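Notes for the structure review
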Amino acid sequence: MTNLKDLVRRNRSFRRFYQDITIPEYILEGFVDLARLSPSARNAQTLKYFISCDAETNEKIFPHLAWAGYIKDWDGPVQGERPSAYIVILNDTKISDNYFCDDGIAIQSILLGAVEQGFGGCIIGSVDRLKLQKNLNIPNHLKIVEVIALGKPREEVVIEDVKNDDIKYWRDEAQTHHVPKRSLDEIIIKCSC
């Protein structure tokens with residue numbers, strides 16, 4: 001049995017996938033159901049979800065995403081390493097313009113569900129939202145918040161300690177993705193109460 005800490009540790013930002021290993025629509029719907037069951041600020045439940053697991057729709061999404069800002073000499077995954085699925089998170093402005101922190105809660109639930117089933121993903125906030133919305137024929141009252149790229153990870157991602165306050169992720173010669181994390185001692189503030 002997998003425990004929560006193990007799932008969180010394995011839930012990395014994967015940016016290269018086995019593109020030919022597809023995620024069926026019913027599994028994506030299951031991930032969205034995890035988001036639906038998650039807490040929502042004021043219980044407003046303003047988020048909606050556009051799912052894609054077919055190659056044609058995926059090709060409409062991919063060009064509107066930017067990948068790995070810290071890795072300057074990489075334009076994103078090449079053909080064969082691209083995501084096999086996407087979940088586009090939308091805010092329904094007919095309900096409210098403010099989704100507060102619901103996107104983060106929903107995304108964590110989706111990604112933990114993906115990792116539990118042997119998949120992985122990447123939250124992409126650098127999105128050409130207007131062009132993607134037009135390309136997917138998404139109604140104007142639904143505003144793109146983020147895109148989650150999903151698939152079977154094709155890369156190894158390792159966590160390491162932050163050195164010299166440098167938090168930038170990087171890749172080594174073997175294309176292993178390194179993610180520096182601050183220590184627990186550094187992030188817990190102790191005071192005499």
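The preceding data block contains the structure.
This structure is a prediction, so every number in the text was calculated from the model and none was measured.

Quick look at the pairing of strand β5 (residues 142–153)
- With 10 of 12 residues buried, β5 lies mostly within the body of the structure.
- With eight bridges connecting them, strand β3 (residues 85–92) and β5 associate as antiparallel partners. Along β5, the bridge assignment pairs isoleucine 89 with glutamate 146.
- By the bridge criterion, five bridges tie strand β4 (residues 120–124) to β5 in an arrangement that is antiparallel. By the bridge assignment, cysteine 122 is partnered in β5 with alanine 149.

What to know about the sheet that holds strand β8 (residues 177–181)
- Taken together, the three strands give an open sheet; going across it, the order is β6-β8-β7, and neighbouring strands pair in mixed fashion. Since the sheet does not close on itself, it has two edges, and those belong to β6 (157–161) and β7 (170–171), each with one partner.
- In this sheet, β8 lies alongside β6 in parallel orientation, the contact comprising five bridges. When the sheet's bridge partners are listed, valine 158 is paired in β8 with histidine 178.

Quick look at unusual backbone geometry
- Within the chain, asparagine 43 stands out as a residue other than glycine whose phi angle is a positive 55°.
- By secondary structure assignment, the location of asparagine 43 is in the loop between α2 (25–37) and β2 (47–52).
- Non-glycine residue asparagine 137 carries a positive phi angle of around 55°.
- Within the secondary structure, asparagine 137 sits in the loop between α5 (129–135) and β5.

Let's talk about the packing of aromatic side chains
- Under the counting rule described, the total for this entry stands at two aromatic pairs.
- Relative to tyrosine 169, the ring of tyrosine 70 has its centre 4.9 Å away and its plane inclined at 55°; by these criteria the two rings are tilted. In this pair, tyrosine 70 sits in the loop between α3 (55–61) and β3 while tyrosine 169 sits in the loop between β6 and β7, placing the two residues 99 residues apart along the sequence.
- Sitting above the plane of the tryptophan 74 ring, arginine 171 keeps its charged end 4.3 Å from the centroid.

Structural notes on the environment of aspartate 6
- In this fold, aspartate 6 is placed in helix α1 (residues 4–10).
- Judged by relative accessible area, aspartate 6 falls into the partly exposed class, the value being 31%.
- Residues aspartate 6 and alanine 44, 38 residues apart in the sequence, show an inter-C-alpha distance of 31 Å.

Some words on α2
- When the terminal C-alpha atoms of α2 are compared, their 18 Å separation across 13 residues agrees well with the 18 Å that a helix rising 1.5 Å per residue should span.
- Of the positions making up α2, those classed as buried are Ile27, Leu28, Phe31, Val32 and Ala35. The buried residues of α2 occupy an angular sector of 145° when the element is viewed end-on, so they sit on one face. Exposed side chains of α2 directed beyond 90 degrees from the buried face belong to Tyr26, Arg36 and Leu37.
- Looking at the buried residues of α2, the elements they touch are β2, β3, α4 (102–116) and β5.

Observations regarding the nonpolar core
- Ranked by internal contacts, the top residues of the largest apolar core, which has 25 residues, are Ile61, Leu65 and Val147.
- Excluding residues within four positions of it along the chain, leucine 65 makes contact with Tyr86, Ile124, Ser126, Val127 and Val147.
- Membership of the second largest hydrophobic core comes to 19 residues, among which are Val32, Ile107, Ala114 and Leu150.

Focus: the side chain of histidine 64
- You can see histidine 64 is positioned in the loop between α3 and β3.
- Not counting the four nearest positions on each side in its chain, histidine 64 is found in contact with Ser126, Val127, Asp128, Lys131, Leu132 and Asn135.

Concerning a negative patch on the surface
- Together, Glu25, Glu29, Asp54 and Glu56 line one region of the surface with negative charge.
- Assessed through its relative accessible area of 42%, glutamate 29 is described here as partly exposed.

Brief notes about the pattern of salt bridges
- Summed over all chains, the structure comprises 11 salt bridges.
- Two residues, glutamate 81 and arginine 154, come together in a salt bridge whose shortest N-O distance is 3.8 Å. You can see glutamate 81 sitting in the loop between α3 and β3 and its partner arginine 154 sitting in the loop between β5 and β6, a full 73 residues away along the chain.
- With a relative accessible area of 17%, glutamate 81 lands in the buried category.
- If you follow the salt bridges from partner to partner, you end up with Arg16, Glu81, Arg154, Glu155 and Arg171 in one network.

What counts, and where the lines are drawn
Residue indices begin from 1 for each chain and proceed along its sequence in written order. Only residues with pLDDT of at least 70 get local features here, since the model is predicted, and only at 80 or more are side-chain atom pairs given and counted; chain-wide, interface and lining totals rely on the full set of residues. Water and hydrogen atoms play no part in the side-chain values, which are based on all heavy atoms of the structure. Working definition: with a 1.4 Å probe on protein chains only, accessible area under 20% of the residue-type maximum means buried, over 50% means exposed, and in between means partly exposed. Segments assigned H or I by DSSP are reported as helices when at least four residues long, segments assigned E as strands when at least two residues long, and all are numbered from the N terminus. For two strands to pair, DSSP has to find at least two bridges joining them. Here a Phe, Tyr or Trp ring, Trp counted by its six-membered ring, pairs with any other such ring whose centre lies within 6.5 Å, and the pair is stacked when the planes are under 30 degrees apart, edge-to-face when over 60, and tilted otherwise. A ring has a charge above it when a Lys NZ or an Arg CZ is no more than 6 Å from the ring centre and no more than 35 degrees off the ring normal. Helix span, as expected, comes to 1.5 Å for every residue beyond the first. Relevant arc is that of directions from the helix axis to the C-beta atoms, nothing else. By the convention used here, residues are in contact when the closest approach between their heavy atoms is within 4.5 Å. The definition of a nonpolar core used throughout is a set of buried Ala, Val, Leu, Ile, Met, Phe, Trp, Tyr and Cys residues joined through side-chain atoms within 4.5 Å. Only residues whose relative accessible area exceeds 30% and that take part in no salt bridge are eligible for patches, with like-charged residues grouped when within 9 Å of each other and nonpolar side chains (Val, Leu, Ile, Met, Phe, Trp, Tyr) grouped when within 5 Å. Note on areas: Shrake-Rupley with a 1.4 Å probe; residue coverage comes only from the protein chains shown. Each reported salt bridge corresponds to a side-chain nitrogen of Lys or Arg within 4 Å of a carboxyl oxygen of Asp or Glu. Counting rule applied: Lys, Arg positive; Asp, Glu negative; His and chain ends not counted. Think of each charge as sitting on NZ of Lys, CZ of Arg, CG of Asp or CD of Glu.

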